[in-house]
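# Understanding the architecture of this molecule
Read off the chains here:
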Amino acid sequence: MEVHLKIIGGLLMLLALIHVIFPKYFNWKDELKNLSLMNRQMMMVHTFFIALTVFLMGSILVLESKELIETNLGRKIILGFAIFWSIRLFMQLFVYSPKLWRGKKFETAIHVFFTCFWIYISIVTWSIYIN
């Protein structure tokens, strides 16, 4: 399971770094201009902290995978990750509208990839916690 945690950790760190392109890719300059200054800045700040959190989650999985599996504190952290990523999977399946991806090749591929990724993280973390 250590290998799985290291793979997940590396992918989460990569995902965090990809957040850097979000403002340009999603055209936030135009898309967010009708929001109040507070909401616009909140969007930017929250995106930064989501990316930071995902990066730190990834780094602890890469650097401390053995301890996460073998210690009581590690297993509690893994439980937190299992809950977090299971809820993220739920959001992917039941909160995001299919209108965002259905009928669009790239968006459908991204949707399927991340659905599989959230399933993978959830299975690995729950398996570690339960065993």
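Presented here is a report on the structure given in the accompanying data block. (Residues numbered from 1 in each chain as written. Predicted model: local features only at pLDDT ≥ 70, side-chain atom pairs only at ≥ 80, totals over all residues. Heavy atoms only, no water.)

## Here we look at the overall build of the chain
Of the regular secondary structure elements, the chain holds seven helices and zero strands. In the chain, the order of α-helices and β-strands from amino to carboxyl end is α-α-α-α-α-α-α. In terms of its C-alpha atoms, the chain occupies a principal-axis envelope of roughly 50 × 30 × 20 Å. Scored against the burial criterion, the 131 residues of the chain give a buried share of 27%. Expressed as a percentage of contacts within the chain between residues at least 6 apart in sequence, the contacts between residues at least 24 apart total 73%. Here the chain carries 13 positive and 7 negative side-chain charges, and the mean point of each set is 10 Å from the other. (Helix = DSSP H or I, 4+ residues; strand = E, 2+ residues; numbered from the N terminus. Buried < 20%, exposed > 50% of the residue type's maximum accessible area, 1.4 Å probe, protein only. Contact = heavy atoms within 4.5 Å. Lys, Arg positive; Asp, Glu negative; His and termini not counted. Charge placed at Lys NZ, Arg CZ, Asp CG, Glu CD.)

## As for a negative patch on the surface
A contiguous patch of negative charge on the surface is contributed by Glu 2, Glu 64, Glu 67 and Glu 70. For Glu 70, the location among the structural elements is in helix α5 (residues 65-70). The exposure class assigned to Glu 70 is exposed, which follows from its relative accessible area of 55%. (Patch = residues over 30% accessible without salt bridge, like charges linked within 9 Å, V, L, I, M, F, W, Y side chains within 5 Å. Areas by Shrake-Rupley, 256 points an atom, 1.4 Å probe, with all protein chains shown as cover. Salt bridge = Lys/Arg side-chain N within 4 Å of Asp/Glu carboxyl O.)

## Brief notes about the environment of Gly 80
On the secondary structure map, Gly 80 appears in helix α6 (residues 72-94). The class of Gly 80 is partly exposed, set by a relative accessible area of 33%. For the pair formed by Gly 80 and Leu 68, sequence separation is 12 residues and the distance between their alpha carbons is 11 Å.

## Observations regarding the layout of surface pockets
Quantified by volume, the largest pocket comes out at close to 1,500 Å³. Contributing to the lining of the largest pocket are 34 residues, with Phe 22, Phe 26, Arg 88, Tyr 96 and Ile 110 lying nearest its centre. When contributions to the lining of the largest pocket are tallied by element, the ones reaching two or more residues are α1 (2-18), α2 (22-25), α4 (37-63), α6 and α7 (105-130). Per-element tally for the lining of the largest pocket: the top contributor is α7, with eight residues. Residue classes in the lining of the largest pocket are distributed as 25 nonpolar, six polar and three charged. (1 Å grid on protein atoms, 1.4 Å probe; cavity = no way out; pocket = protein on both sides within 12 Å on 5 of 7 lines; lining within 4 Å. Points joined across faces, edges and corners; volume = space filled by probe spheres on them. Nonpolar A, V, L, I, M, F, W, Y, C, P; charged D, E, K, R; others polar.)

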